Amino acid sequence: MQDFIGVHGHAEPFLNLEPYFDLTGFAAIHEEICYSLTQSEVSYTGGSHKSMGIVPPRFENDPFIDYGQVILRFTPEEFVQFMSLSDSEEEIDYRDRHKFTLYEEGAAPISPRQFLYLKYRYGVYFPWKVFLEFVEGNTSWDDKCTNNGNFFPEIETAFPLTVRFIRSLPFRSIGRCNLLGLEANDHATIHRDNYEKQDNPPINDFITLCPAGNKELFLWHDEKAEKLYISGRLFTFNDMNYHGVDSAPYFRYSIRVDGIFTDEFRTRISK
Ligand SMILES: [Fe+2]
């Protein structure tokens, strides 16, 4: 039976990185994030993992509706209705509607009103209903570490403590940095990020921080049908393993920072 795929030379698939950092500022950072989120333009993400082919086969037919599948089944009339809610200048032909199913790769952006319509009209399940990008540049998954992006000015203004902490992390460059929030009773779909690239994996350094310490991610062993919970308010893991988050009766968020670790830090955490 295949085991989990290890991380940074370790047999274990995740590393609790708390011992490497001073987290005494996390209470203030948590307060800042909660306050400033109320004034931020947040969006949805997720909702197409099935059509992206990254969920375990056993969950392909679960009752949570995937927008990629919905869009592919649109009639021409439904497509016109959907497109009337677009913010994009780009004219997308009905025959090219599959472009929307790759939203997370940015091929065709879905507007906030389109997200809502997919939810209201078709019952699409969006796991992350509070999604906020911190770093400029519409990076694709493959250059999410090397983009070396800047923080949006409004993010620097609204989240100064958070940005300062993220800048202090041992990255040579930061490509993407996103806040992912789960509403009460929502779960994060079990999926894996990079499995198809495991023979030639991209640079894939990242740190997830959860200042409140209440969003417990798990890795999913599909053959054993078992969860391995990740402890810690700051960690990394090998995202070629399936992973997800259980539902909870309250809102939770985490921030994922993708970049390239400094050589020194990589040496410290590697085995
Ligand atoms: Fe993921």
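None of these values were measured; they are calculated from a predicted model.

S.K.: How should the overall build of the protein chain be read in this particular structure?
M.R.: Helix and strand counts for the protein chain come out as seven helices and eleven strands. The buried share of the protein chain, taken over its 271 residues, is 35%.

S.K.: What is the right way to look at the sheet that holds strand E3 (residues 128–133) in this model?
M.R.: Each strand in a sheet pairs with another by means of backbone hydrogen bonds, the pair being arranged parallel or else antiparallel. Taken in spatial order, the seven strands make up an open sheet running E1-E9-E6-E11-E4-E3-E2, and their pairing is antiparallel. A single partner strand is all that each edge strand has here, and the edge strands are strand E1 (14–16) and strand E2 (43–45). This sheet shows a mean twist of 30 degrees between the axes of neighbouring strands, independent of strand direction. Relative to strand E11 (residues 252–261), strand E4 (residues 171–182) runs antiparallel, the two being bridged by ten bridges. Following the sheet pairing, Asn178 is matched in E11 by Arg256.

S.K.: Looking at this structure, I do not really get the nonpolar core. What am I missing?
M.R.: For soluble globular proteins, nonpolar side chains are generally found buried alongside one another. Formed by 50 residues in total, the largest nonpolar core has its most connected members in Phe14, Cys177, Phe235 and Val257. Mapped onto the domain boundaries, this core takes at least three residues apiece from domain 1 (14–41 + 127–269) and domain 2 (47–122). The residues touching Cys177, leaving out its near neighbours within four places in the chain, are Phe134, Val135, Ile166, Ile255 and Val257.

The rules behind these values
Residues numbered from 1 in each chain as written. Predicted model: local features only at pLDDT ≥ 70, side-chain atom pairs only at ≥ 80, totals over all residues. Helix = DSSP H or I, 4+ residues; strand = E, 2+ residues; numbered from the N terminus. Buried ≥ 20, exposed ≤ 12 C-beta atoms within 10 Å, placed from the backbone. Pairing = 2+ DSSP bridges. Axes fitted to C-alpha atoms, helices over the stretch in contact; angles between N-to-C directions. Core = buried A, V, L, I, M, F, W, Y, C linked by C-beta atoms within 7 Å. Domains from an automatic or database assignment. Contact = placed C-beta atoms within 7 Å.

Any functional reading would require information beyond the geometric quantities listed.
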